Structure formats: structure tokens, C-alpha cells
Amino acid sequence: MALRNKLSKNQKIVPRGLKVMLPHGGLPEVISPYLIDLIEKTGGKNGPIGKQFVAQPEKEKKYYSKNFLDPLCEDENEVVPGIVYKYRGKIKKNGKVEYYGRVLWITTRFCGSYCRFCTRGREIGMPQNFKTETRSALTKKPLLTNQEIEKVFKFLKKRKEINEVILSGGDPLVSPKDYLTKIVNGLVKLQKSGDLDIIRIGTRLPIHNPSVVKRWHYELLGKIRNPFLMVHINHPAELTDSVLKVINNFKEISGASVFSQTVLLKGVNDSVETLYELFVKMTKEGIRPYYLYQNDPVYWAKHFTVPIKKAIKMWQKLRPRLSGVAATARFVIDTPSGAGKVPIPEGGAWNVDYSAFYDFQKKKHNL
Ligand code: SF4
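Residues numbered from 1 in each chain as written. Predicted model: local features only at pLDDT ≥ 70, side-chain atom pairs only at ≥ 80, totals over all residues. Heavy atoms only, no water.

Before going further, it helps to examine the overall build of the chain. When helices and strands are counted, the chain shows 10 helices and 14 strands. Whereas a compact globule of 367 residues would reach a radius of gyration of roughly 21 Å, the chain reaches 20 Å, a difference of no more than 12%. Oriented by its inertia axes, the alpha-carbon framework of the chain measures out at about 65 × 55 × 45 Å. Counting across all 367 residues of the chain, residues that qualify as buried make up 57%. Accessible surface, the chain: about 17,000 Å² in total, of which carbon and sulfur atoms supply 52%. (Helix = DSSP H or I, 4+ residues; strand = E, 2+ residues; numbered from the N terminus. Rg over C-alpha atoms; globule rule 2.2 N^0.38 Å. Buried < 20%, exposed > 50% of the residue type's maximum accessible area, 1.4 Å probe, protein only. Areas by Shrake-Rupley, 256 points an atom, 1.4 Å probe, with all protein chains shown as cover.)

Over its 12 residues, helix α8 (residues 241-252) extends 16 Å from the first C-alpha to the last, a length consistent with the 16 Å expected when each residue adds 1.5 Å. Looking at the buried positions of α8, the neighbouring elements they touch are α1 (33-41), α6 (205-208), α7 (215-221), β8 (228-232) and β9 (257-264). (Expected span 1.5 Å × (residues − 1). Contact = heavy atoms within 4.5 Å.)

Structurally, the position occupied by Glu164 is in strand β6 (residues 162-168). Within the structure, Glu164 has its side chain in polar contact with the side chain of Arg200 (distance 2.6 Å). Beyond its immediate stretch of four places on either side in the chain, Glu164 contacts Gly101, Arg102, Val103, Leu196, Ile198 and Arg200. (Polar contact = N/O pair within 3.5 Å; in protein donor to acceptor, adjacent residues only side chain to side chain.)

Glancing now at the packing of aromatic side chains. According to the stated counting rule, one finds 12 aromatic pairs in the structure shown. Between Tyr85 and Phe155, the aromatic rings sit 6.5 Å apart at their centres with planes inclined by 80 degrees, giving edge-to-face as the arrangement. Here Phe155 lies in helix α4 (residues 146-158) and Tyr85 lies in strand β2 (residues 83-87), a separation of 70 residues in the sequence. Taking relative accessible area as the criterion, Tyr85 reaches 1% and is therefore assigned buried. On the basis of relative accessible area, Phe155 is assigned to the buried category, the value being 12%. With a centroid separation of 5.6 Å and an interplanar angle of 80 degrees, the aromatic rings of Phe259 and Tyr290 are classed as edge-to-face. (Phe/Tyr/Trp six-rings, centres within 6.5 Å; stacked < 30°, edge-to-face > 60°.)

Take the pattern of salt bridges next. Two side chains with opposite charge may pair up if their charged atoms get near one another. All chains considered together, the criterion is met by 16 salt bridges. Across the pair Lys41 and Asp37 runs a salt bridge whose closest N-O atoms are separated by 3.0 Å. Placement of the pair is Lys41 and Asp37 together in helix α1, with a separation of 4 residues, close to one helical turn. Where Arg120 meets Glu74, a salt bridge forms, and the shortest distance between an N and an O atom there is 2.7 Å. Highlighted residues: Arg120 in the loop between β5 (101-106) and α4 and Glu74 in the loop between α3 (57-61) and β1 (78-80), separated in sequence by 46 residues. (Salt bridge = Lys/Arg side-chain N within 4 Å of Asp/Glu carboxyl O.)

The next point concerns the sheet that holds β9. Taken together, 10 strands build an open sheet; the order of strands is β1-β2-β5-β6-β7-β8-β9-β10-β11-β12 and the sheet is mixed. The open sheet has two edge strands with one neighbour each: β1 and β12 (341-343). Along the sheet, successive strands turn relative to each other by an average axial angle of 30 degrees, direction set aside. Sheet strands touched by α4: β1, β2, β5 and β6. Its angle to β5, the strand with the most contacts, is close to 175 degrees. (Pairing = 2+ DSSP bridges. Axes fitted to C-alpha atoms, helices over the stretch in contact; angles between N-to-C directions.)

Below you can see the structure in the form of C-alpha cells.
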């Protein structure tokens, strides 16, 4: 899409591209024509879709701090190019697997549009060769090299305690066909040889721009045994007919199980009514609610953060209203120390004072 730098006379949304990048160089304002149309139908830049994609430079840059570029400690847990290994498995002394681990594979830093609250804004959307302040394999280039991909496959084959790969990015589905095919074929080979059990694909492309999801995407994912498609969906208005058609194709052609991931965002979906509508609509359409995330503490998304105590109260009200099949999501905080996702206890049935929680490394976090 051409990058233009000012609003048109009729005040339609015109993406400003690189002009509104964050101080360290991430998250250009790039919005697909499909989303621009949806934004205009849902209240413009201050509506629930507009707020997610139209940059607000003063707010995003206000709390600039290098300390909050990578709060989930992904860069320091990158063990081979693009592979973040935090949820580690364990091998017993006799060489047998005691329990399995799973890795996140960041395959690209591009997406179909850029969400202003993106946790990986430290590298997402950066132009080629942009000087960065982070150090993952993809901060200086948009895709991995063939040698790097081979290195990943060797690593996965060797590490018997890993049985699951989550493809992420950016958005893996925006990658060139040859590139994504190489990655998926390699994973399928590992799955067939018994070196890998579960393959998940995280995407927001059906929401960003359903018309660019093509037949080859469905067929490629269809090679995976029981593919799990994790779609990032934040608001009921995102589930348009064209989005639902794409999701249905992933189910029917790829044989995918489709799950949702939702980020709780102030001014977008921070009401019991909106979340209720979203969870019911997803369930009705065969999308299984999976996670509701507390917004991660990256400096550019501070204005989207719902205070945790308010968020917990909303969650407590929402859960009992949902049918059991719509209440399958967990509300989680991704711990800033990189120690994993901690679920918020459900429903008000237990005497919990919510003043602190412990992560999986038994470290205490006060609220
Ligand atoms: S789709 Fe995901 S990775 Fe891409 S900009 Fe949005 S939040 Fe970030």
C-alpha cells in the first residue's frame, strides 16, 4: 500500500506509514483498505476498530523507555534464530522425557496491518535494515535465511523434550508462499517422524485483510496433522461475513481447530457487554474462546491498559453469564519477567484478595 502522510480533505483515514513510527523505530501506521472501510463504518478513528489501528503519536511516545521494549524477555530467550524457548521441557537422567516443552517461532516481523498495542512493537513493521535497539534474529531483516531455517529444524530434531511449535511473528500468514511452505513442510516432516506433536499458527490476517488469504494458505495448513489456528480477535465488529468465510475455510479445507486470542483494551472492549457479545459470537461461529490477555506493559500501549482490579471485576461478572461452551477462555497476565501466563482465578467462588500473584518461577508480583 502507498504510504501517505496526511489526512485527506474528506477526513477519511489515510495511513501515515513510517511518519508515525515509535521512537525506537517500530509499528508504522499501515492499515489495509479493508480495515479502513470497517473503521469508517464503526465510528472512525475513535471507534473500537479505529482505536486499534490509527496511531496516536503523543500517547504512544509519552512513556518512551528502553526498559519496556521487551517486557516478556523474548529476546534473551531466543535460542536459535526466531525460536523463543521459555516453556521448557525436561529430560530425565536416563534420557527419557519427563515433560515436554514448547517453542514460539517468530518467522517474520510483518503483519497485514499494525495493531498499536502490539507486544512485539520493538521489531514489528520495521523497514529493511532499520537500526534497532533489540537483538533478535529478525530485527535487521524481515525474514529468516535458508541457513537459519535449517538451523531451527536441526535444533527441533535434536531437542527431544520439545513437542510443540507455535508459529508467530508478525504474522506467519503474510510471508511469501515459498518461505512459509518451506517452514510448514519442515514442521510436517518433524510431525510425521514423531519429533513434533502439536503445531499452532498464530494469525490476525483474517481480521486485517480477509481477501489476501488464498487457497494456498488453506491447502498448506491442511498438510499439518490437526492444525491449531489461533486468531487474534478483539471486538465483535471484527467478525464480518468475509472474516467468517475465511475462518470457515480454515476449518473445512485445512481441517483446523480455530481458537481465539483477545487482548483487553481500554476504549475498545473493556465492558462486560462487549466481551459478552464477542465470546457468544465467536462460540456461535465455531471459534473456541481461548485467552483473554491483560495488555502487556509495553510503553507505547499504556493508554490501552485497563487497571487490573477493574479488569478482574469485569471478568468475575462476565464468566457466570457465559454458557459453559463460551466460557472456555482463561483471563491471563503474561508475567513481565517472562515467566509465563498466570490465569486470574474465576468467578468469586473462592476467597481471593487479588493483592498479588506468583509466576511459574514462584516469584511474587504485587498488584
Ligand atoms: S497482528 Fe499481532 S504481531 Fe501483528 S501488529 Fe497485531 S499484535 Fe502485533
